[in-house]
Amino acid sequence: MSLAQRALRRAASTATVALLAVAVGCAPQPEDKASDKASGKTGEACAKGALGTRTSGRLTVATDEPAYEPWFKDDKPANGKGFESAVAYAVARQLGYDRSKVVWQTVPFNKAFAPGEKTFAFDINQVSISAEREQAVDFSSGYYDVRQAVIALKGSKAAGAKSLADLKGVRLGAQVGTTSLNYIDDVLKPDRQPAAYAKNDQAKSALKNGQVDAIVVDLPTAFYITAAEVTDAKIVGQFENTGGTPERFGLVLDKGSALTSCVTKAVDALRADGTLASIEKRWLSEAVDAPVLK
């Protein structure tokens, strides 16, 4: 092969390589790799006011009915009054949704953390975070550290209890599916089977009617019940925290929800900047102290 022929072939080969390089550079890239390279992927997923909710631009928040005080005010979750209503709107603002973009939905307490697809972005209803419940749903980080308390009618034998042992022989009740009922079974370990009620209202009625000697609820609810609903009852005492991690209420989300990390970041930010403490001081200020039962 002559030198001229070799030079011609080398030039043609170089041109071919260049054309291939241009073609490859202009070809569409696989979507998964393109998305992997996108910067700020997590930030985009938590874009303010543009989360992947069922209805674009709307944030659906769920709770039970009736909505009890001091968690809500006047049984109206949407009015922004009461601890959990205020927390819900604070989380919404942190996520980029103003009050007009929040839609409330009624979901029974036990259904909120039952297995199955959810119709809400998150549920707020005094649901304690637990490993058992986390098998069926996601939780945000905790927005309130809570203790359980015992209520009894004034002058009753249960009202005079000074220790856990003093309550072993009394008739106890609590709402079904709650950590209140768990505390009766696991901490008090009474001599007789506790009564389980579908609603706290039913438990309160049972206490009034003498069907049970005492009921167990969370401490802020106990203060409200004894102050406004069953005024001839008293708080016998509260349970001390068992173990290093306190019982905490968390926002409930669908299992594997894409919103979980965003909602958790919102709660964490509200805790860090003092918003949660401020809301707690305003709406739960009375729930500051009660004898500890040991």
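- Looking at an unreviewed UniProt entry, one finds the chain named Transporter substrate-binding domain-containing protein, with Streptomyces fagopyri as its source organism.

## Things to note about the overall build of the chain
- Looking only at helices and strands, the chain has 10 helices and 11 strands in total.
- Within the chain, the fraction of its 294 residues that count as buried is 44%.
- A separation of at least 24 residues holds for 71% of the contacts in the chain among residues at least 6 apart in sequence.
- With an accessible surface of roughly 15300 Å², the chain has 52% of that area assigned to carbon and sulfur atoms.

## Topic: the pairing of strand β8 (residues 214–218)
- With respect to burial, β8 is a largely interior element, five of its five residues being buried.
- The sheet contact formed by strand β6 (residues 172–175) and β8 spans two bridges and is parallel. For Leu172, the partnering residue across the bridge sits in β8 and is Ala214.

## Overview of unusual backbone geometry
- With an omega of 0°, the peptide bond between Glu65 and Pro66 qualifies as cis.
- Positive phi is not limited to glycine here, since Gln126 has a value of about 55°.
- Assignment of secondary structure puts Gln126 in the loop between β3 (122–123) and β4 (137–145).
- Assessed through its relative accessible area of 13%, Gln126 is described here as buried.

## Here's the deal with the pairing of strand β5 (residues 148–153)
- Burial analysis of β5 places six of its six residues in the buried class, the great majority of the element.
- As judged from the five bridges shared by β5 and β8, these two strands associate in the antiparallel manner. Counterpart to Ile151 in the pairing with β8 is Ile215.
- Taken together, the five bridges between β5 and strand β9 (residues 233–239) define a ladder with antiparallel strand orientation. The residue bridging Val150 from the neighbouring strand is Gly237, located in β9.

## Points about the state of the cysteines
- Applying the stated rule across the entire model yields one disulfide.
- Shown here is the disulfide that connects Cys46 with Cys262, its sulfur atoms set 2.0 Å apart. Residues Cys46 and Cys262 share a disulfide whose torsion about the S-S bond is about -85°; that sign makes it left-handed. Here Cys46, found in the loop between α3 (41–45) and β1 (59–63), pairs with Cys262, found in helix α9 (residues 260–272); they are 216 residues apart in sequence, far enough to count as distant.

## Structural notes on helix α8 (residues 219–229)
- Regarding α8, the residues found buried are Leu219, Pro220, Thr221, Ala222, Phe223, Ile225 and Thr226.
- Where α8 is buried, its residues meet β4, β5, α7 (200–208), β8 and β9.

## Concerning the side chain of Ser180
- If you trace the backbone, Ser180 turns up in helix α6 (residues 179–188).
- Those residues within four positions of Ser180 in sequence are excluded, and the remaining contacts are Gln148, Ala174, Val216, Val217 and Asp218.

## Some thoughts on the packing of helix α4 (residues 83–95) against α9
- Interaxial distance between α4 and α9 falls to 9 Å at its minimum, and their mutual angle equals 110°. Compared by their axis directions, α4 and α9 come out roughly perpendicular. Considering the relative orientation of α4 and α9, their crossing is right-handed. Of the residues in α9, those touching α4 at Ala90, Val91, Gln94 and Leu95 are Cys262, Val263, Ala266, Val267, Ala269 and Leu270.
- Each residue belonging to the contact of α4 with α9 can be placed in one class, and the counts come to nine nonpolar, one polar and no charged.

## A short note on the packing of α4 against helix α10 (residues 275–283)
- Look at α4 against α10: their axes get within 9 Å of each other, and the N-to-C directions meet at 155°. The orientation of α4 relative to α10 falls into the category roughly antiparallel. In the packing of α4 onto α10, the handedness of the crossing is right-handed. Here Phe83, Ala86, Val87 and Ala90 of α4 lie close against α10, whose contacting residues are Thr275, Leu276, Ile279, Glu280 and Trp283.
- A breakdown of the residues in the contact of α4 with α10 according to their chemical character gives seven nonpolar, one polar and one charged.

Definitions and cut-offs
- Residues numbered from 1 in each chain as written.
- Predicted model: local features only at pLDDT ≥ 70, side-chain atom pairs only at ≥ 80, totals over all residues.
- Heavy atoms only, no water.
- Helix = DSSP H or I, 4+ residues; strand = E, 2+ residues; numbered from the N terminus.
- Buried < 20%, exposed > 50% of the residue type's maximum accessible area, 1.4 Å probe, protein only.
- Contact = heavy atoms within 4.5 Å.
- Areas by Shrake-Rupley, 256 points an atom, 1.4 Å probe, with all protein chains shown as cover.
- Pairing = 2+ DSSP bridges.
- Disulfide = S-S within 2.5 Å.
- Axes fitted to C-alpha atoms, helices over the stretch in contact; angles between N-to-C directions.
- Parallel < 35°, antiparallel > 145°, perpendicular 65-115°, else oblique.
- Left-handed = near helix turned anticlockwise from the far one by under 90°.
- Nonpolar A, V, L, I, M, F, W, Y, C, P; charged D, E, K, R; others polar.

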